Amino acid sequence: MHIPSAIYPGSFDPITYGHIDIVRRACKLFPRLLIAVVANPSKQPLFSLSERVEITQEALAEVGIRGVEVTSYDGLLIQCAKAHGIGAIVRGLRANSDFDYEFQLALTNRDLDSEIETVLFMTAGRYSFLSSSIVKEIKRYGGDVSSFVPKSVEAALERKLAG
Ligand code: ADP
């Protein structure tokens, strides 16, 4: 049986333990996992694209995840997936509120390329309310985010918010 390589796309602005949990679990299913940080200017990210790639790489190293590549793209996910020889898209589902968007995204991507399947991972209960936005909000007001992101991510947030 052929098990495809997978791509985990997202804004990762910044990466959190919720994302990292999905990465760990996806690594058990797929022989190769590529994290693809999307430019996503419409979301007005706090970190630049290259900063998000670097922060993601640092965070993975800090938590001891090896062998997961990190890349970036600006454009159609399907084109990025094709360029890397990918057969599956990994995404995460938290509350009900994620469902409509993920459903639409999965169907659209299947319409664009029926060979690439989307695989959705249910969040871990403890991370079900965790998002990059919440982490940024807490950090902006001086709160403790150590249970939500690795130390290197917290340090990057401190540098960015201080500047
Ligand atoms: P996007 O802007 O593409 O939604 P995000 O970085 O916010 O990028 O999320 C990327 C993917 O990771 C999405 O599928 C999202 O639902 C999932 N995700 C984010 N946080 C969590 C979490 N705490 N638990 C499970 N999945 C998550």
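Refer to the structure above for everything that follows.
One way to put it is that helix H2 (residues 49-62) packs onto helix H6 (residues 151-162) with a least axis distance of 8 Å and a crossing angle of 150°. In terms of axis orientation, H2 runs roughly antiparallel to H6. Contact residues: H2 offers Glu51, Ile55, Glu58, Ala59 and Glu62, while H6 offers Lys151, Ser152, Val153, Ala156 and Lys160. Along the lines of polarity and charge, the residues of the contact of H2 with H6 split into 4 nonpolar, 1 polar and 5 charged.

Looking at the largest pocket, its volume works out to about 970 Å³. Forming the boundary of the largest pocket are 40 residues, of which Gly10, Ser11, Lys43, Arg91 and Tyr101 lie nearest the centre. Partitioning the lining of the largest pocket into residue classes produces 16 nonpolar, 16 polar and 8 charged.

Let's shift gears to H6. Along an α-helix, residues three or four apart share an orientation, since each turn contains 3.6 residues. End to end, H6 covers 16 Å across 12 residues, agreeing with the expected 16 Å (1.5 Å per residue, within 8%). Within H6, the full set of buried residues consists of Ser152, Val153, Glu154, Ala156 and Leu157.

Now for the environment of valine 68. Within the secondary structure, valine 68 is located in the loop between H2 and strand E3 (69-73). For valine 68, a relative accessible area of 13% corresponds to the buried category. In this structure, the C-alpha to C-alpha distance between valine 68 and valine 23, residues 45 residues apart in sequence, is 8.5 Å. Contacts of valine 68, omitting those with residues within four sequence positions, involve Val23, Cys27, Leu33, Ile35 and Leu60.

Across all of its chains, the model carries 2 aromatic pairs by this definition. When the ring of tyrosine 8 is compared with that of phenylalanine 12, the centres are 5.1 Å apart and the planes differ by 85°; the resulting orientation is edge-to-face. Note on tyrosine 8: relative accessible area 5%, which makes it buried. Between phenylalanine 99 and phenylalanine 103, the aromatic rings sit 5.3 Å apart at their centres with planes inclined by 25°, giving stacked as the arrangement.

Here we take up the pairing of E3. Pairing of strand E2 (residues 33-38) with E3, which is carried by 5 bridges, proceeds in the parallel orientation. For isoleucine 35, the partnering residue across the bridge sits in E3 and is valine 70. Between the parallel elements E2 and E3, the chain passes through H2 in a crossover that is right-handed.

Our next topic: the pairing of strand E1 (residues 6-10). By the criterion of burial, E1 is predominantly enclosed, with 5 of the 5 residues buried. Of the two faces of E1, the one holding Ala6, Tyr8 and Gly10 and the one holding Ile7 and Pro9 are both buried throughout. Sheet analysis places E1 next to E2, joined by 5 bridges and oriented parallel. Following the sheet pairing, proline 9 is matched in E2 by alanine 36. The parallel pair E1 and E2 is bridged by helix H1 (residues 17-29), and the resulting crossover is right-handed. Where E1 lies against strand E4 (residues 88-93), 2 bridges are found, and the strand directions are parallel. Counterpart to isoleucine 7 in the pairing with E4 is isoleucine 89.

Criteria and thresholds
- Along each chain, numbering runs from 1 in the same order as the chain's sequence is written.
- Restriction of local features to residues with pLDDT of at least 70 applies here, the model being predicted, together with a cutoff of 80 or more for giving and counting side-chain atom pairs; totals for whole chains, interfaces and linings are based on all residues.
- Computation of side-chain values covers all heavy atoms of the structure but excludes hydrogens and water.
- In this analysis, axes come from line fits to C-alpha atoms, helices being fitted only over the stretch in contact, and the angle between any two N-to-C directions falls in the range 0 to 180 degrees.
- Runs of H or I in DSSP of at least four residues are treated as helices and runs of E of at least two as strands, each being numbered from the N terminus.
- For classification purposes, an angle smaller than 35 degrees is called roughly parallel, one larger than 145 roughly antiparallel, one from 65 to 115 roughly perpendicular, and anything else oblique.
- Only heavy atoms enter the contact rule, under which two residues are in contact if any of them lie within 4.5 Å.
- The nonpolar class holds Ala, Val, Leu, Ile, Met, Phe, Trp, Tyr, Cys and Pro. Asp, Glu, Lys and Arg form the charged class, and all remaining residues, Gly among them, are polar.
- Grid spacing is 1 Å over the protein atoms alone, the probe is 1.4 Å, and a cavity is where that probe fits but cannot get out, while a pocket is an open set with protein on both sides within 12 Å along at least five of seven lines and lining residues have an atom within 4 Å of a point.
- Grid points are joined across faces, edges and corners, and a volume is the space filled by probe spheres set on the points.
- In a helix, the anticipated span is given by 1.5 Å times the number of residues less one.
- Burial classes: relative accessible area under 20% of the type maximum marks a residue as buried, over 50% as exposed, and values in between as partly exposed (1.4 Å probe, protein chains only).
- Working definition: a ring pair exists when centres of Phe, Tyr or Trp rings (six-membered ring for Trp) sit within 6.5 Å. Plane angles under 30 degrees give stacked, over 60 give edge-to-face, the rest tilted.
- Pairing between two strands requires that DSSP report at least two bridges joining them.
- Every crossover in which the path from the first strand over the helix to the second runs clockwise, viewed with the strands pointing away from the viewer, is termed right-handed.

Just distances and angles here, no functional claims.
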